[in-house]
Each structure stands twice: as structure tokens, then as C-alpha cells.
Amino acid sequence: MSASEYVMHNIFSKIIDEYHPFAEYQGYAEGENGFIVYYQGTNGQQHMVVDTEGNIISDSTMGTTRSLGILAVGAGLISTLIGGE
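Sequence order as written defines the numbering, with residues in each chain counted from 1. Per-residue local features are limited, in this predicted model, to residues with pLDDT of at least 70; the limit for side-chain atom pairs, both in listing and counting, is 80 or more; totals at the level of whole chains, interfaces and linings are taken over all residues. Neither water nor hydrogens contribute to the side-chain values; these are computed over all heavy atoms in the structure.

Give me the confidence of the model for the chain: which residues, what numbers.
Mean pLDDT over the chain: 79, with 72% of residues reaching 70 or higher. pLDDT is a residue-level measure of predictor confidence that goes from 0 to 100. Working definition: helices are DSSP H or I runs of at least four residues, strands are E runs of at least two. Numbering for both runs from the N terminus. Here helix H2 (residues 69-81) is the element of the chain with the lowest mean pLDDT, 61, and strand E1 (residues 24-30) is the one with the highest, 95. Contact between two residues is taken to exist if any of their heavy atoms lie within 4.5 Å; hydrogens are not considered. Per-residue pLDDT stays below 50 along residues 63-68; that stretch engages in 19 contacts with residues further than four places along the chain or on separate chains.

So, in C-alpha cells, the structure goes:
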């Protein structure tokens, strides 16, 4: 696993711990405009769609949109690490 993948898994795991404390982080996939973060909840596998600015676009458990400052900071760190914009 690359350093940037490790950091992304760590960031997403913390987000799941914060918003779904009884769920288990399963991983993430890159989407068209952000990320799909998977977690195992009480009703099976669930997911959150997170845009590149750190906003939760949808959450299959809660269906709400919330801003995630920690993700924005993490995305900025990743961008810096890989030489992005």
C-alpha cells in the first residue's frame, strides 16, 4: 500500500468512527467527483459519497449532507504529498 493510500484509509476510517461509531470501515473507491466510502453497519454494507471538497453528498444510512473539515485537510495533505495542485 502506498503512503497516500494509507493516509486516505486512515482519514476515511476516522470519518466512519466519528459518524457511525458502531460501524466498521471497509474501504473506499474513487468516484467520478470524489470518493465512495464503504462501511459495515447493522443493516449490512453501507456507503457514503464524499466529494473532493470533503462534503458528504449522500449517506446510505442517514441520507444527509454534512461538511467534513478533516477530509478537506486530508485531501490538501494528499495533494501536497503527490505534487498536485
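So what about the packing of aromatic side chains? Which residues, and what values?
Stacked, edge-to-face and tilted labels apply to pairs of Phe, Tyr and Trp rings (six-membered ring for Trp) whose centres lie within 6.5 Å, assigned for plane angles under 30 degrees, over 60, and everything in between, in that order. Taken as a whole and assessed by the stated rule, the structure comprises three aromatic pairs. Taking the centre distance of 5.1 Å and the plane angle of 50 degrees together, the rings of Phe12 and Tyr28 count as tilted. With Phe12 in helix H1 (residues 3-19) and Tyr28 in strand E1, this residue pair connects regions lying 16 residues apart in the sequence. Like Phe12, the residue Tyr28 is buried in the burial classification. The structure contains a cluster of three or more aromatic residues connected by ring pairs, namely Phe12, Tyr28 and Phe35. Exposed residues in this analysis have more than 50% of their type's maximum accessible area, buried residues have under 20%, and partly exposed residues fall in between, with area computed by a 1.4 Å probe over protein chains only.

Explain the sheet that holds strand E3 (residues 44-51) residue by residue, including any values.
Taken together, four strands build an open sheet; the order of strands is E1-E2-E3-E4 and the sheet is antiparallel. Across the chains shown, the open sheet's two edge strands, defined by having one partner strand only, are E1 and strand E4 (56-59). With direction set aside, neighbouring strand axes in the sheet form an average angle of 20 degrees. Two strands pair if DSSP finds at least two bridges between them. Pairing between E1 and strand E2 (residues 34-41): six bridges, direction antiparallel. Counted as the bridge partner of Glu24 is Gln40 from E2. Angles run from 0 to 180 degrees between N-to-C directions of axes, and those axes are lines fitted to C-alpha atoms, restricted for helices to the stretch in contact. Its contacts with the sheet place H1 against E1, E2 and E3, and it is angled at close to 130 degrees to E1.

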